[in-house]
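Descriptive structure summary
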Amino acid sequence: MRLSLCNEVLQPLDLARQCAFAKAVGYDGLEIAPFTLSEEPHRLGPAGVAAMRRTVEDHGLVVTGLHWLLVTPQGLSITSPDAAVRTRTRDVIRGLLDLAEGLGARVMVHGSPAQRRPADGQSQADAWARARDLFAGLAPDVAARGLTYCIEPLAPPDNVFIQTVAEAARMVQEIAHPAFRTMIDTSAASAHEADPVADLVRRWVPTGVVGHVQFNDANRRGPGEGKDRFAGVLRALRETGYGGDIAIEPFIYQPDGPACAARAAGYVRGLLEALDDAP
């Protein structure tokens, strides 16, 4: 399991300085939020993308994936009743698929709760059908680029559409394409799921629907900075044969982003070492 850092944690450092820091404190890669690269990241050209990839790899890292996909440009939605908005959103996602492929990523994490919120007066069933159809139409494009696209269950109050792994698994099952899966964000799961995170891992990873994991505490800080304990989660991931990456994604940076990133890397590396040494 590679350990990756969500790169917005290190803003406003430029990409080269992000890479140097992440490598120095123990990460294997970066999980990139496209909005940190450009206001129109879906339109970045091949030469620029190749240069970014070289920067990352020259520092001994890889780009493991993309997340926070639809922050920019403005006005996107996977559930909108407006066909023109959904078409534009689909086209932006296709551009981001090209970006991910060019950077050497292998997973796309679809969080972006504001860009999936049903419109006023729109039923959950209608929003569900529109999101499902958009994702189903994109799945062959995802597969053609060697990527996995994961819909991220997120907790209320920030999110009102697909809040649990079970709901996300239902979407995965309806789309029925191997390139489309879900993931576990430990902060959202700890805050909203009925089961402990380790039990969620044991329930869902063996089914094949989980393609990614992000670590963060229920208090929205980094792993090791709150009440949540991660040794059992790591043990469950190993025991169930999880083969993906672990991305560190805090939302509250105390005292600052670099300190939070360094603490999280040391904490998770220490837990992994303890598991390695366990009889």
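What you are looking at is a predicted structure, and each value in this text was computed from that prediction instead of being measured.

Digging into the sheet that holds strand β8 (residues 246-248)
- Strand order in the closed barrel made by the eight strands is β1-β2-β3-β4-β5-β6-β7-β8, with parallel pairing throughout. Direction aside, the axes of adjacent strands within the sheet are offset by 30° on average.
- Inspection of the sheet shows strand β3 (residues 62-67) paired to strand β4 (residues 107-110) by three bridges, in the parallel sense. Opposite Leu 66, over in β4, you have Met 108 as the bridge partner.
- Contacts between helix α3 (residues 83-103) and the sheet are confined to β2 (29-32), β3, β4 and β5 (148-151), with β3 contributing the most and set at about 165° to the helix.
- Its contacts with the sheet put helix α5 (residues 165-175) on β5 and β6 (180-185), and the angle it makes with β6 is roughly 170°.

Here's the deal with unusual backbone geometry
- Note that the residue after Thr 72, namely Pro 73, is joined by a cis bond; omega there is 0°.
- Here Pro 73 is to be found in the loop between β3 and α3.
- With an omega dihedral of 0°, the bond running from Gln 254 to Pro 255 counts as a cis peptide bond.
- Relative to the helices and strands, Pro 255 is located in the loop between β8 and α9 (257-277).
- The phi torsion at Ser 112 lies on the positive side, around 45°, for a residue other than glycine.
- Among the structural elements, Ser 112 can be located in the loop between β4 and α4 (124-144).
- Phi is positive for Arg 220, close to 75°, though the residue is something other than glycine.
- With respect to the helices and strands, Arg 220 occurs in the loop between β7 (210-215) and α8 (231-239).

Details of the pattern of salt bridges
- Inspection of every chain in the model, using the stated rule, returns 17 salt bridges.
- Note that Asp 245 is salt-bridged to Arg 2, the shortest N-O span being 2.8 Å. Placement of Asp 245 in the loop between α8 and β8 and of Arg 2 in the segment before β1 (3-6) is noted, with a sequence separation of 243 residues between them.
- Exposure remark for Asp 245: the relative accessible area of 2% places this residue in the buried category.
- You can call Arg 2 partly exposed: its relative accessible area is 26%.
- A salt bridge links Arg 145 to Asp 98; the shortest N-O distance between them is 2.7 Å.

Some points on the pairing of β7
- Across the six residues of β7, six count as buried, placing the element largely inside the fold.
- In this structure, β6 lies alongside β7, joined through four bridges in parallel fashion. Its bridge partner being in β7, Met 183 is matched across the sheet by His 212.
- Note that β7 and β8 share three bridges and pair parallel. Following the sheet pairing, Phe 215 is matched in β8 by Ile 248.
- Crossover connection from β7 via α8 to parallel β8: handedness right-handed.

Things to note about the side chain of Glu 249
- Within the secondary structure, Glu 249 sits in the loop between β8 and α9.
- Buried within the structure, Glu 249 lacks any salt-bridge partner; its nearest side chain of opposite charge belongs to Arg 220, at an N-O separation of 8.1 Å.
- Among residues more than four places away in sequence, those in contact with Glu 249 are Cys 6, Glu 8, His 67, Trp 68, Glu 152, Asp 185, Gln 214, Phe 215 and Asn 216.

Thoughts on the packing of aromatic side chains
- The full count for this structure, using the stated rule, is eight aromatic pairs.
- Ring plane angle 35° and centroid distance 5.4 Å describe the contact between Phe 35 and Trp 68, whose orientation is recorded as tilted. Pair noted here: Phe 35 is in the loop between β2 and α2 (46-58) and Trp 68 is in the loop between β3 and α3, with a separation of 33 residues, a long-range link.
- The class for Phe 35 is partly exposed, based on a relative accessible area of 23%.
- Ring geometry for Phe 230 versus Tyr 267: centroids 6.2 Å apart, planes at 90°, classification edge-to-face.

Remarks on the environment of Val 205
- Locating Val 205 in the fold gives a position in the loop between α7 (197-204) and β7.
- With relative accessibility at 10%, the residue Val 205 sits in the buried group.
- Taking the C-alpha atoms as reference points, Val 205 and Gly 243, separated by 38 residues in sequence, lie 9.7 Å from one another.
- Each residue touching Val 205, except ones within four places of it in the same chain, is listed here: Leu 200, Val 210, Leu 237, Thr 240 and Tyr 242.

Criteria and cut-off values
- Residues numbered from 1 in each chain as written.
- Predicted model: local features only at pLDDT ≥ 70, side-chain atom pairs only at ≥ 80, totals over all residues.
- Heavy atoms only, no water.
- Pairing = 2+ DSSP bridges.
- Helix = DSSP H or I, 4+ residues; strand = E, 2+ residues; numbered from the N terminus.
- Axes fitted to C-alpha atoms, helices over the stretch in contact; angles between N-to-C directions.
- Contact = heavy atoms within 4.5 Å.
- Salt bridge = Lys/Arg side-chain N within 4 Å of Asp/Glu carboxyl O.
- Buried < 20%, exposed > 50% of the residue type's maximum accessible area, 1.4 Å probe, protein only.
- Right-handed = clockwise from strand over helix to strand, strands pointing away.
- Lys, Arg positive; Asp, Glu negative; His and termini not counted.
- Phe/Tyr/Trp six-rings, centres within 6.5 Å; stacked < 30°, edge-to-face > 60°.

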